[in-house]
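# A structural walkthrough
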Amino acid sequence: MIIDDLAPSLPLGGPGLPQQRRMVTAIPGPRSRDLLERKSAAVAAGVGHTVPIAAVAAGGGIVMDADGNALIDLGSGIAVTTVGSAHPKVVEAIAAQAAQFTHTCFMISPYESYVAVAEALNRLTPGDHEKKTALFNSGAEAVENAVKIARKHTGRQAVVAFDHGYHGRTNLTMALTAKAMPYKSGFGPFAPEIYRVPGSYPFRDGLTGVAAAARAITLMEKQVGAENLAAVVIEPIQGEGGFIVPADGFLPAVAQWCRDNDVVFIVDEVQSGFARTGAMFASELFGIVPDLITTAKGMAGGMPLAGVTGRAEIMDAAHAGGLGGTYGGNPVACAAALAAIDAFENDGLIERAQQIERLMLDRLQELAEVDPRVGDVRGRGAMIAIELADPGTGAPDAALAAGIARACIAEGVIVLTCGTYGNVIRFLPPLAIDDELLHEGLDVVASAIAAH
Ligand code: PMP
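Thresholds applied
Residues numbered from 1 in each chain as written. Predicted model: local features only at pLDDT ≥ 70, side-chain atom pairs only at ≥ 80, totals over all residues. Heavy atoms only, no water. Pairing = 2+ DSSP bridges. Helix = DSSP H or I, 4+ residues; strand = E, 2+ residues; numbered from the N terminus. Domains from an automatic or database assignment. Contact = heavy atoms within 4.5 Å. Buried area = accessible area lost by both parts, 1.4 Å probe. Salt bridge = Lys/Arg side-chain N within 4 Å of Asp/Glu carboxyl O. Polar contact = N/O pair within 3.5 Å; in protein donor to acceptor, adjacent residues only side chain to side chain. Nonpolar A, V, L, I, M, F, W, Y, C, P; charged D, E, K, R; others polar. Near = heavy atom within 4 Å. Areas by Shrake-Rupley, 256 points an atom, 1.4 Å probe, with all protein chains shown as cover. Phe/Tyr/Trp six-rings, centres within 6.5 Å; stacked < 30°, edge-to-face > 60°. Buried < 20%, exposed > 50% of the residue type's maximum accessible area, 1.4 Å probe, protein only. Lys NZ or Arg CZ within 6 Å of the ring centre and 35° of its normal. Expected span 1.5 Å × (residues − 1). Axes fitted to C-alpha atoms, helices over the stretch in contact; angles between N-to-C directions. Parallel < 35°, antiparallel > 145°, perpendicular 65-115°, else oblique. Left-handed = near helix turned anticlockwise from the far one by under 90°.

Turning to the sheet that holds strand β2 (residues 62-65), a few remarks are in order. Across the sheet, 4 strands lie side by side as β1-β2-β3-β13; this open sheet has mixed pairing. In the strand order of this sheet, the two ends are held by β1 (55-59) and β13 (413-414), each with one partner. Alignment of strand β3 (residues 70-73) against β13, held across 2 bridges, turns out to be parallel. Its bridge partner lying in β13, D73 is registered against I414.

Next comes the structure, spelled out in structure tokens:
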């Protein structure tokens, strides 16, 4: 039992963890290898992993493994530990709530922290209309419920999603998700009445936002029919699909068309929400106001919590008992969220995300200037990516992205890839990372690119 053996010497996570990259073994080291062997024997093969380590502590911009290696974290557990792993306010709130009660089921015996999270979401999400919220456990569950609510409200069934979109791994959200491998292949049949249209991908389609919106709107009108359409579901910056920032004007035009046709405009901010993009919500960057917005990931500092927030008259469309779930809005997760939200609002994290954007874009644009295989540098806040492509043909270079990511991890820097074509390297550092560590992480990325 390697974890038990290590227990007396385990470091505490949080900001007290030394903020230095330190490599004491090759990755994976012997203790990590032991755990990974147990993992492959005990855990279903479908649950993969990117970084071959046994994590034992994390905080600030560091993830530490069981062999004592300290890796620079440019992934935040896929955009979750935005406030930093084991953030002191979050840890304290979790401990205090866990000592009070761990569960009553909000649908059986309601409690205040759920209501307080709903009030915070109603206040913080874009738009000054009257709002209501329902809480769930995961981003996929939030998106499913947003679609349920939109269907009940409109009495219509069709839902439009976009090329390169990602919304989760449940049946309905697989149907909404664009990419077959690894998310959908072999898992059908998928939920009906989902239609896919092209969005805006400036690096690859060269269209203005207005032209891209017109293309999508024509397809919605001709192939679906507004009168059949309950909702449009869209990520303001597409995450898994490749950190695709739509061209100016695209999102407002789609939002306006939805408004004109009584189609519920659902904005999926599961990945982009909560200061990640240098605004509390990415919708603000594009001047759009969602009818319904889905949130999860960064909201609760690492605890599983998700929300659907939106116009009160839409949110109230579902009958009592139609929404919920045993664990949705668990009190420990809600306490964590209230602490994380306090940090987002009061600890300058939005400004920190803006600083990180400038630092990362400057560094990555320098790389693009000297290496034409870095075809595009894009993103907002601490949600930044490079797209790797053949300089002559523009063909996506997934092998290069995978090679660079592997080399970074071997050197102790956690980076993730994404993209429909697998050729995008994405950077999602915790906002708790310091500049020195971020520069060092990017130095490693630069060396890995140069060496490939
Ligand atoms: N929507 C978006 C935009 C996401 O990025 C994700 C997760 N990557 C999901 C939904 C699904 O969230 P979860 O994994 O919590 O179900």
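Anyway, onward from the coordinates.
The next thing to look at is the domain arrangement of the protein. Domain assignment breaks the protein into domain 1 (30-86 + 349-451) and domain 2 (89-346). The straight-line distance from the C-alpha centre of domain 1 to that of domain 2 is 25 Å. Residue-level contacts link 40 residues of domain 1 with 32 residues of domain 2. For domain 1, the biggest contributors to the area lost against domain 2 are R380, M383 and T420; these three give 24% of the whole. On inspection of domain 1 and its partner domain 2, the count reaches 2 salt bridges. Residues R426 and E240 are paired through a salt bridge, measuring 2.9 Å at the closest nitrogen-oxygen approach. Taken together, the connections running from domain 1 to domain 2 amount to 18 residue pairs in polar contact (both at pLDDT 80 or more). Every element with two or more residues in the side of domain 1 that touches domain 2 is listed here: α3 (76-79), α14 (349-370), β11 (374-380), β12 (383-388) and β15 (424-427). Along the lines of polarity and charge, the residues of the side of domain 1 that touches domain 2 split into 23 nonpolar, 11 polar and 6 charged.

Turning our eyes to something else, we now look at the site of the ligand. Residues in close proximity to the ligand include S138, G139, A140, Y166, H167, G168, E235, E240, D268, V270, Q271 and K297, which together make up its full environment. In the model, an oxygen atom of the ligand is placed 2.8 Å from a nitrogen or oxygen of the G139 main chain. Coverage of the ligand by the protein chains reaches 83% of its 390 Å² of free accessible surface. Broken down by class, the residue content of the shell around the ligand amounts to 3 nonpolar, 5 polar and 4 charged.

Note on placement: L416 falls in strand β14 (residues 416-418). Apart from residues lying up to four places away in sequence, L416 is in contact with T50, G75, I78, V424, I425, R426 and L428.

So, on to the packing of aromatic side chains. Taken as a whole and judged by the stated rule, the model has 7 aromatic pairs. A centroid spacing of 5.3 Å and a plane angle of 80° characterise the contact between F106 and Y111, whose relative ring orientation is edge-to-face. By the burial criterion, F106 is buried, and Y111 matches it. A centroid spacing of 6.1 Å and a plane angle of 85° characterise the contact between F162 and F250, whose relative ring orientation is edge-to-face. Of this pair, F162 sits in strand β5 (residues 158-162) while F250 sits in helix α10 (residues 250-260); the two residues are 88 residues apart in sequence, bridging distant segments of the chain. The class of F250 is buried, set by a relative accessible area of 2%. Following the ring pairs from residue to residue traces out a cluster consisting of F101, F106, Y111 and Y114. The ring of F190 carries K184 above its face, with NZ or CZ at 5.2 Å from the centroid.

For strand β10 (residues 306-311), the tally of buried residues reaches 6 of 6 residues, placing the bulk of the element in the interior. Relative to β10, strand β4 (residues 131-136) runs antiparallel, the two sharing 6 bridges. Pairing of K131 across the sheet is with R311, part of β10. Summarising the sheet, strand β9 (residues 292-295) and β10 pair through 4 bridges and their orientation is antiparallel.

Between the first and last C-alpha of helix α15 (residues 398-410) there are 18 Å, a value that for 13 residues agrees with the 18 Å anticipated at 1.5 Å per step. Of the residues making up α15, those classed as buried are L400, A401, G403, I404, A405, C408 and I409. Residues of α15 that are buried sit in contact with β3, β12, β13, β14, β15 and α16 (435-451). G412 sits one or two positions beyond α15 and adopts a positive phi of about 90°.

As a further point, take the sheet that holds β4. Read from one edge of the open sheet, 7 strands run β4-β10-β9-β8-β7-β5-β6, paired in mixed fashion. Strand pairing shows two members of the sheet lacking a second neighbour, β4 and β6 (194-197), which therefore form its edges. On average, each strand axis in the sheet is inclined to that of its neighbour by 20°, with strand direction left out of account. Here β5 runs beside strand β7 (residues 229-234); their pairing, made up of 3 bridges, is parallel. Note on β7: the bridge partner recorded for V159 is A231. Running over the sheet, helix α9 (residues 209-224) touches β5, β6 and β7 and is turned about 145° from β6.

Here we come to the packing of α15 against α16. Put simply, α15 and α16 touch, their axes get as near as 9 Å, and they point 130° apart. Relative to α16, the element α15 is oriented oblique. Judged by the twist between their axes, the crossing of α15 over α16 is right-handed. On the side of α15, the interface is formed by I404, A407 and C408, while α16 contributes V444, V445, A448 and I449. When the residues that make up the contact of α15 with α16 are grouped by side-chain class, the tally is 7 nonpolar, no polar and no charged.

Our next topic: the side chain of N330. Counting through the fold element by element, N330 comes out in the loop between α12 (312-315) and α13 (331-346). Judged by its relative accessible area of 17%, N330 is buried. In this structure the side chain of N330 is engaged in a polar contact, spanning 3.1 Å, whose partner is the backbone nitrogen of A333. For N330, the residues in contact, after removing those within four places along its chain, are T102, H103 and Y111.

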